[in-house]
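# Working through the structure, step by step
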Amino acid sequence: MGRASDIERAAEVLRAGGLVALPTETVYGLGANAEDPAAVARIFQVKGRPPSHPLIVHIAAAEHLDDWVESVPATARLLAAHFWPGPLTLVLRRGHRVPLEATGGLETVAVRVPDHPVALALLSAFGGGVTAPSANRFGSVSPTTAVHVRTELGHAVDFVLDGGACEVGVESTIVDVTGEIPSILRPGGVTREELEAVLGRSIAVPSASRVRVPGQHPSHYAPRARVVLVEPEKVVAEAELAQGLGHKVGVFLPASFADPAVKAHAVVSVPDSISAYAHGLYGFLRELDQQGCDLIIASLPPEEGLGLAIANRLRRAAGPRPSR
Ligand code: AMP
Ligand code: MG
């Protein structure tokens, strides 16, 4: 995985204005040279993503942050020092190197240093910033393996770097550090509790979409099957009811209610460990789609630690959908 020749080739593709799918510790990204507006525009085209939705600029190390933003407030410096490389994205005021195409026209830019040897090797070999949203069609389930990327985007990507399955499995936590008080725009791989411990204060998770964040659309991270969320103790009964009505039901069976006898089309046993759940989440959703389920019955985990990000993704997956 991530052989030196592959890294070099991927860096060449980026220099030539092409698109490279790259593994990170969160999910696979669809990367382009952040400073090449035409290449960035291709990302939106391939994903079917509206151009007003900003992307994350990935950089090789925290010491390069100053090159991409107008200024670095003390809070941003502190968070970068603690969590980079890692699943934390900082939103700051845009520096001149970042074209408006990459920020969806915003004067702010999202930046992070991914914690994955292949991503870091690519960023070092390339030498610049790589804008990379998740390597999936807009609104659908994020890819956590190279096979997911190839299945979903195929030839639309110039080069796919295979770095194995993504360790964390859910996207980065996005923190807005442009104002006096930092706030979480999207929960993710770095937990609210970890952020609060470093900041020495509580941090808000606003529900309103003040800032345009695709992850805050009603439906996002969604499989083909409709997702219905119920109380954990009702999962089995609701699943069997829907299955009896003729649905092909996929069940996310909560660890504490394990009942292998549940009458459903397909069953996923939710792992006991919350990090294992995050790691597997998108794969589970894809698997139930693949098995032909038209309905997925799941419940939300407790919204603490990584459970906050998992619950956020499941809610979006269950959100009202545009007609597709
Ligand atoms: P995705 O493309 O789905 O992996 O997500 C990238 C995330 O970064 C999206 O949720 C973006 O909206 C978010 N993002 C990027 N730039 C900004 C910004 N300037 N302000 C707020 N969120 C941003
Ligand atoms: Mg995405």
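Data block above holds the structure.
Source: prediction; values computed, not measured.

## Regarding the environment of F257
- Its location among the elements puts F257 in the loop between β11 (249-253) and β12 (266-269).
- With a relative accessible area of 33%, F257 lands in the partly exposed category.
- Residues F257 and N312 lie 55 residues apart in sequence; the distance between their C-alpha atoms is 22 Å.
- The contact partners of F257, leaving out residues within four places of it in the chain, are P232 and E233.

## Structural notes on the nonpolar core
- If you look at the biggest cluster of nonpolar residues, it comprises 46 residues, and the most contacted ones within it are L79, W84, L88, L90, V175 and L195.
- Counting only elements with at least two residues in this core, the list comes to β2 (29-33), α2 (37-47), α3 (74-83), β4 (88-93), β5 (108-112), α6 (146-153) and α7 (192-199).
- For this core, the element with the highest residue contribution is α2, accounting for five residues.
- Look past the residues within four positions of L79 in its chain and what remains in contact with it is W84, L88, L90, V175, V177, L195, V198 and L199.
- Among the nonpolar cores identified, the runner-up in size contains 26 residues, and V27, V141, Y221 and A298 belong to it.

## Brief notes about the environment of P271
- In this structure, P271 sits in the loop between β12 and α9 (274-290).
- Considered as a pair, P271 and A80 are 191 residues apart in the sequence and their alpha carbons are 31 Å apart.

## A few points about the side chain of S140
- Structurally, S140 can be placed in the loop between β6 (130-131) and α6.
- Among the polar contacts listed, one links the side chain of S140 to the side chain of E152, at a separation of 2.7 Å.
- Ignoring sequence-local partners within four residues, the contact set of S140 consists of E152, Y221 and A222.

## Here's the deal with the sheet that holds strand β7 (residues 159-160)
- With mixed pairing, nine strands are arranged side by side in an open sheet as β7-β1-β2-β6-β3-β5-β4-β8-β9. Each having just a single partner strand, β7 and β9 (183-186) make up the two edges of the open sheet.
- Here strand β3 (residues 56-58) runs beside β6; their pairing, made up of two bridges, is antiparallel. The partner of V57 across the bridge, within β6, is T131.

## Section: unusual backbone geometry
- Going from W84 to P85, the amide bond is cis rather than trans, its omega being -10 degrees.
- With respect to the helices and strands, P85 occurs in the loop between α3 and β4.
- Here the phi dihedral of Y221 falls at roughly 55 degrees; this positive angle occurs in a residue that is not glycine.
- By secondary structure assignment, the location of Y221 is in the loop between α7 and β10 (226-229).
- Here Y221 falls in the buried class, since its relative accessible area comes to 3%.

## Things to note about the sheet that holds strand β13 (residues 295-298)
- Strand order in the open sheet formed by four strands is β10-β13-β11-β12, with parallel pairing between adjacent strands. The open sheet terminates on both sides in strands that have one partner only, identified here as β10 and β12. In this sheet, adjacent strand axes meet at a mean angle of 20 degrees when their direction is disregarded.
- Of the strands in this sheet, β11 and β13 touch helix α8 (residues 235-244), which is tilted by about 175 degrees from β11.
- The strands that α9 touches are β11, β12 and β13; relative to β11, the one it contacts most, it runs at about 170 degrees.

## Concerning the pairing of β9
- Direction of pairing for strand β8 (residues 173-176) relative to β9: antiparallel, over a ladder of three bridges. Each residue of the ladder has a partner; that of I174, found in β9, is R186.

Thresholds applied
- Residues numbered from 1 in each chain as written.
- Chains lettered and ligands numbered in written order.
- Predicted model: local features only at pLDDT ≥ 70, side-chain atom pairs only at ≥ 80, totals over all residues.
- Heavy atoms only, no water.
- Helix = DSSP H or I, 4+ residues; strand = E, 2+ residues; numbered from the N terminus.
- Buried < 20%, exposed > 50% of the residue type's maximum accessible area, 1.4 Å probe, protein only.
- Contact = heavy atoms within 4.5 Å.
- Core = buried A, V, L, I, M, F, W, Y, C linked by side-chain atoms within 4.5 Å.
- Polar contact = N/O pair within 3.5 Å; in protein donor to acceptor, adjacent residues only side chain to side chain.
- Pairing = 2+ DSSP bridges.
- Axes fitted to C-alpha atoms, helices over the stretch in contact; angles between N-to-C directions.

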